[in-house]
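Chain and residue survey
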Amino acid sequence: MSREWKALWLVSLASAASSLDVTLMFVAYPEILDTFNDTPATQVSWVISGYNIMVAALLIPAGRLADRFGHRRVFLWAIAIFMTGSMAVGLAPNAPFMIAARCYQAFGGSSLITSGLALVMTTLGPQRRAVAVGVWATVAGVVASLAPSLGAVAIEFVSWRAGFFIMIPVGAATLVRRNLIPESAVDADVELPDMVGVVLAGLSTAALVLGIVQFNEWGSDDPRVIGALAAAAAGLALFLVRCHRHPAPVIDLALFRNRVFASTAAAAALVGLAFYGLFLSLVQFLRGPWEYSTLAAGLLLTPLTAVTSIMGYASGRLMERFGHRVVMVPAAGCITAGCVWMAAMAGLDRELALVWFPAVLVMGLGIGTVFPGVNSAIAHGLAPGQLGLAAGTVQTVIRIGGAVGVAVGVAVVGGGDFDDYDTFFIFLAASAGLAGMAALGMATGNKEN
């Protein structure tokens, strides 16, 4: 195996730690609620939402830091921060400490995503970028597919805390073999982003999530809900104005003049909403209405993540050959079909053969295609020096979408009523369908132009 391929696999494995963390958190979430049962569930949900919001706010600065100081250097620092953050999460004595630890972990997670993806896209050269991203997505998928079962075993026989220590050996091994990762170009002319804009992005998303999460508990006419949603809208408007006027904006709005990039960003936001909301609802559905144990729920989620991992490399090759639109549109349709199937067919009685497995397998086909799709399409028509920023932008909208998806999920299915799950599955189906419509603009192949 050549040095380039070894580097690709190593970076992909280390980057997959963030995928493992996402999957594991959803499996552990019901147990975390039980551990911190003296804290309202809406507050505990910030262990998921807080991380996503922090990552979303920090991704663009992380991308610019990676472009300015070198993708390799930032990547190695990100691994160290992510490892220590995982340890702090596992040792958390209470919910506020855990939320704080998750926010610290987000500093590493944001840099791990942007610098890792930038390294992946340059490892094999521009002509094989889709293949490299496919490998990256496959490794992330394999790790994510193991996370539900490994995490469930750790939770069942030890504690949910033990699950977060799984990531430490992966990071340590990467640091030991860091000599395989090639040095990357440093662009000292890259300006650091507008930090006021960074704060506006984080606060606006947090206000939106707060308004959604507390919508049912406080009531739609509560001044706190109205104020949170109004603050989110005002913050977003100020953020866009800031991005338009500042010389080093958080998001370069000029990127959106590229039709493929704009379509990809829209699809990415909706895909993030559907994926995070879907994972939350499936775990809650298995533990709630179907009353499965944590171990059983983790094992039943494995087919979803396993199919996702299998599709990563294959979908990358398909998009490399035929272009993204041809592959992405039906993939989004698969997610929609799986959600509709759950809403239409799932009842209070457990039905694995007819309902569960068909739904999660079809969802897995779609998820395993759309994520490598949005991550590889962003490079279409952009200069190499823009890759870190582009990667950060798309990952930002994925995480913002994910934070909204989790917030809606907590608001809709938090009460545990069976009918609420049907409503949420239909909402997720609509989100995935809109992602497919956005993907119509992702024309990257010769046959699509």
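Details of the structure are given in the entry above.
Read on for a plain summary of the structure. Note that the structure is a prediction, hence the values are computed from the model and not measured.

In the structure shown here, the tally under the stated rule is three salt bridges. The partner of R242 in a salt bridge is D194, with the nearest N and O atoms 2.5 Å apart. Of the two residues, R242 sits in helix α11 (residues 223–245) while D194 sits in the loop between α8 (167–176) and α9 (195–213), which places them 48 residues apart along the sequence. Residue classification places R242 among the partly exposed residues on the basis of a relative accessible area of 32%.

Further remarks concern the packing of aromatic side chains. This model, assessed by the stated rule, comprises 15 aromatic pairs. An aromatic cluster of three or more residues is present, and its members are F285, W290, Y292, W356, F418, Y421 and F425. Directly above the aromatic system of W218 lies the positively charged group of R224, at a separation of 4.1 Å from the ring centroid. Sitting over the ring of Y292, R350 keeps its end group 3.9 Å from the ring centre.

With that out of the way, let us pick up the layout of surface pockets. In this structure, the largest pocket encloses a volume near 560 Å³. In terms of lining, the largest pocket is formed by 25 residues, of which the most central are L236, F239, I251, V397 and I400. Contributions of two or more residues to the lining of the largest pocket are made by α3 (46–69), α9, α11, α12 (259–287) and α16 (387–413). For the lining of the largest pocket, the residue count by class is 21 nonpolar, four polar and no charged.

A separate point is the environment of G323. Mapped onto the secondary structure, G323 falls in the loop between α13 (294–322) and α14 (324–345). Among the residues examined, G323 registers a relative accessible area of 1% and is labelled buried. Here the alpha-carbon distance between G323 and G373, two residues 50 residues apart in the chain, equals 9.5 Å.

So, how was this worked out
- Residues numbered from 1 in each chain as written.
- Predicted model: local features only at pLDDT ≥ 70, side-chain atom pairs only at ≥ 80, totals over all residues.
- Heavy atoms only, no water.
- Salt bridge = Lys/Arg side-chain N within 4 Å of Asp/Glu carboxyl O.
- Helix = DSSP H or I, 4+ residues; strand = E, 2+ residues; numbered from the N terminus.
- Buried < 20%, exposed > 50% of the residue type's maximum accessible area, 1.4 Å probe, protein only.
- Phe/Tyr/Trp six-rings, centres within 6.5 Å; stacked < 30°, edge-to-face > 60°.
- Lys NZ or Arg CZ within 6 Å of the ring centre and 35° of its normal.
- 1 Å grid on protein atoms, 1.4 Å probe; cavity = no way out; pocket = protein on both sides within 12 Å on 5 of 7 lines; lining within 4 Å.
- Points joined across faces, edges and corners; volume = space filled by probe spheres on them.
- Nonpolar A, V, L, I, M, F, W, Y, C, P; charged D, E, K, R; others polar.

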